[in-house]
Amino acid sequence: MRLTLEVWRQLDAQTAGMFETYEVPDASEHMSFLELLDHLNESLVRDGQEPIAFDSDCREGICGMCSLVVNGVPHGPQRATTVCQLHMREFNDGDRIVVEPWRAGPFPVIRDLVVDRTSFDRIIEAGGYVAVNTGGAPDANAVPIGKDEADIAFQAAVCIGCGACVAACKNASAMLFVSAKVAQFAHLPQGQPERKRRVRDMVGQMDREGFGGCTNTYDCEGACPKEIPVRFIAEMNRGFLAAKITE
Amino acid sequence: MKATPPLPSLPRPSVPLLSYVTSTIGRKTLVAITGLMLFGFVIMHLAGNLLIYQGPAALNEYAAFLKSKPAVVWAGRIGLLGALSVHLWGTLSLAARNRSARPVGYRMRRTIVSTLSSRTMVLTGFTILAFVVYHLLHFTVGVTHPDHHALVEATATGTRHDVFAMVVAGFREPVVASIYIVAQVMLAVHLSHGVASTVQTLGFNHPTFTPLVKRGGITVAVLLALGNGSIPIAVLAGWIGGNA
Ligand code: HEM
Ligand code: FES
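This text gives an overview of the structure that appears in the document. Remember, predicted model here, so these are calculated numbers, not experimental data.

1. Let's talk about the coordination of the iron atom of ligand 1
Residues and elements named next belong to chain B.
Thought 1: Distances from the iron atom of ligand 1 to its protein donors, namely His 87 (NE2) and His 190 (NE2), fall within the range 2.1 Å.
Thought 2: Here the iron atom of ligand 1 binds six donor atoms, and the angle range of 85 to 180 degrees at the metal identifies the geometry as octahedral. Linking His 87 in helix α4 (residues 70-100) with His 190 in helix α9 (residues 174-201), this pair joins segments that are 103 residues apart in sequence.

2. Let's talk about helix α5 (residues 175-186) of chain A
Residues and elements named next belong to chain A.
Thought 1: Its twelve residues give α5 an end-to-end C-alpha distance of 16 Å, which sits within 8% of 16 Å, the value for a rise of 1.5 Å per residue.
Thought 2: With eleven of its twelve residues buried, α5 lies for the most part within the structure.
Thought 3: Along α5, the residues classified as buried are Met 175, Leu 176, Phe 177, Val 178, Ser 179, Ala 180, Lys 181, Val 182, Ala 183, Gln 184 and Phe 185.

3. Structural notes on the environment of B:Thr34
Thought 1: With respect to the helices and strands, the residue B:Thr34 is situated in helix α2 (residues 24-49).
Thought 2: Among residues more than four places away in sequence, those in contact with B:Thr34 are B:Ala83, B:Val86 and B:His87.

4. Points about the interface of chain B and chain A
Thought 1: The partner chain A presents 59 residues to the 44 residues of chain B that form the contact.
Thought 2: Between chain B and chain A, roughly 4500 Å² of surface is buried when both sides are summed, and carbon and sulfur atoms account for 55% of that area.
Thought 3: Of all residues in chain B, B:Ile25, B:Arg107 and B:Ile112 bury the most surface against chain A, accounting for 14% of the area lost on that side.
Thought 4: Along the contact surface separating chain B from chain A lie two salt bridges.
Thought 5: B:Arg107 is the partner of A:Glu6 in a salt bridge, and the nearest nitrogen-oxygen pair spans 2.3 Å.
Thought 6: The interface formed by chain B and chain A contains 28 residue pairs in polar contact (both at pLDDT 80 or more).
Thought 7: Those elements that provide at least two residues to the side of chain B that touches chain A are α1 (18-22), α2, α4, α5 (116-119) and α9 of chain B.
Thought 8: Tallied by class, the residues present in the side of chain B that touches chain A amount to 18 nonpolar, 16 polar and ten charged.

Quick notes on the rules
Residues numbered from 1 in each chain as written. Chains lettered and ligands numbered in written order. Predicted model: local features only at pLDDT ≥ 70, side-chain atom pairs only at ≥ 80, totals over all residues. Heavy atoms only, no water. Donors = N, O, S within 2.8 Å, 3.2 Å for Na, K, Ca; no water. Tetrahedral: all angles 85-135°; square planar, octahedral: opposite > 155°, others 65-115°. Helix = DSSP H or I, 4+ residues; strand = E, 2+ residues; numbered from the N terminus. Expected span 1.5 Å × (residues − 1). Buried < 20%, exposed > 50% of the residue type's maximum accessible area, 1.4 Å probe, protein only. Contact = heavy atoms within 4.5 Å. Buried area = accessible area lost by both parts, 1.4 Å probe. Salt bridge = Lys/Arg side-chain N within 4 Å of Asp/Glu carboxyl O. Polar contact = N/O pair within 3.5 Å; in protein donor to acceptor, adjacent residues only side chain to side chain. Nonpolar A, V, L, I, M, F, W, Y, C, P; charged D, E, K, R; others polar.

Geometry only, nothing functional implied.
Take a look at the structure:
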């Protein structure tokens, strides 16, 4: 298939960026979107140009590194799919495709399509872990956890921290990410001792990083490759109030 | 297994809850609570307005009753002004923050599941605000149509404010009636997101009930607008107050 790509190019955080147009005359519908960029990069390198920088690691939809806004939607048009798992058969011959980085103040562009997501790491450092001594690895099922609760914790824990929720939100809000990282422990006994300080400190760090607030528009849920539900945001609102009242 | 050492106690904030109301979540909660107060008022106000369908006596009686309780009326006014001020502060300060959270915008942006009403809350909110100011000047203070506001009706003991005649005279002017109708549409759009949004903000989301709350919120918002909006339409059509 023949495609026209409009790709954001930016040398570094200090330099202004702009869109460049590239023709790809020989794309295959079996390529993933990242393989399409690899293919384009090979021809750029052959022509002595700088290849397009973009993030990726596992390329199987589990690591959360890939992060492209494709035609105005984070991870592209296919729901519940990371852009590394998006294939060119989702597009038509002759399509014009706009490729942009995540856009948010707390995600500054490092180069081209690569953004700095260490703001997410700092939110996790603020409380997204269990620090209490739980001893050695417990026997399976030694700590009984109801199936419903375990399922909810797992639904939150599948968050890969890619940041598509921030990229999709009209307010660049990180609440879906933070709420999932709070909920994955709030539903397990191991998470209880630090439950209040966790939500308090993670929300505090989220605000300090400069993310926007939630206005319940829910495009985050629509963009999430793991379909994390906004239900966790309601839970976080409740938990944050409880933590603050008893502070 | 070693006993877990107790966690150090949490640091105490210097002013309790100040850090809550300045956080994004806390501010949004204040927006939800004040929105709910305004919503409650709008429902009660509609109940009063609908008395117009019972004729001049019922409406004027109700108006005179309210006037005879100045303490209640002023408590309500101060409460509403307070709620509106907090609602405005919360929404506008958050909206400014939300805009600055994305200094460089997208070349192309598609919404995925969000509704138009959820994305236009500032616009519909400001339209409502402008309408509220006009509405107060029109019917409460009597600045825009002093002649309508001065209308009185005779009673056994003297005269009283003829609210019925004032409303009919006002809505016989198509421009005035249209302002009211447009404002009601804007309020319905605001609340068709706002009601369900409040429930989420206050921390309730449930796989079964949340879809019902969404539909219920839209239904109430539309009924509210139909109820209020029917009055200028009925006056223009001559169903209330006869033909001019
Ligand atoms: C009759 C008057 C009003 C009522 C009944 C009302 C009601 C509500 C409700 C119930 C909410 C939802 C709160 C939440 O999302 O948790 C809301 C949000 C909001 N309101 Fe109002 N409101 C009124 C007036 C205004 C005015 C005058 C403005 C002026 C700008 C305004 C702007 C907003 C904004 C920007 C939001 C936030 C929307 C969001 O977070 O997406 N509202 N309102
Ligand atoms: S590269 Fe790992 S999720 Fe896409």
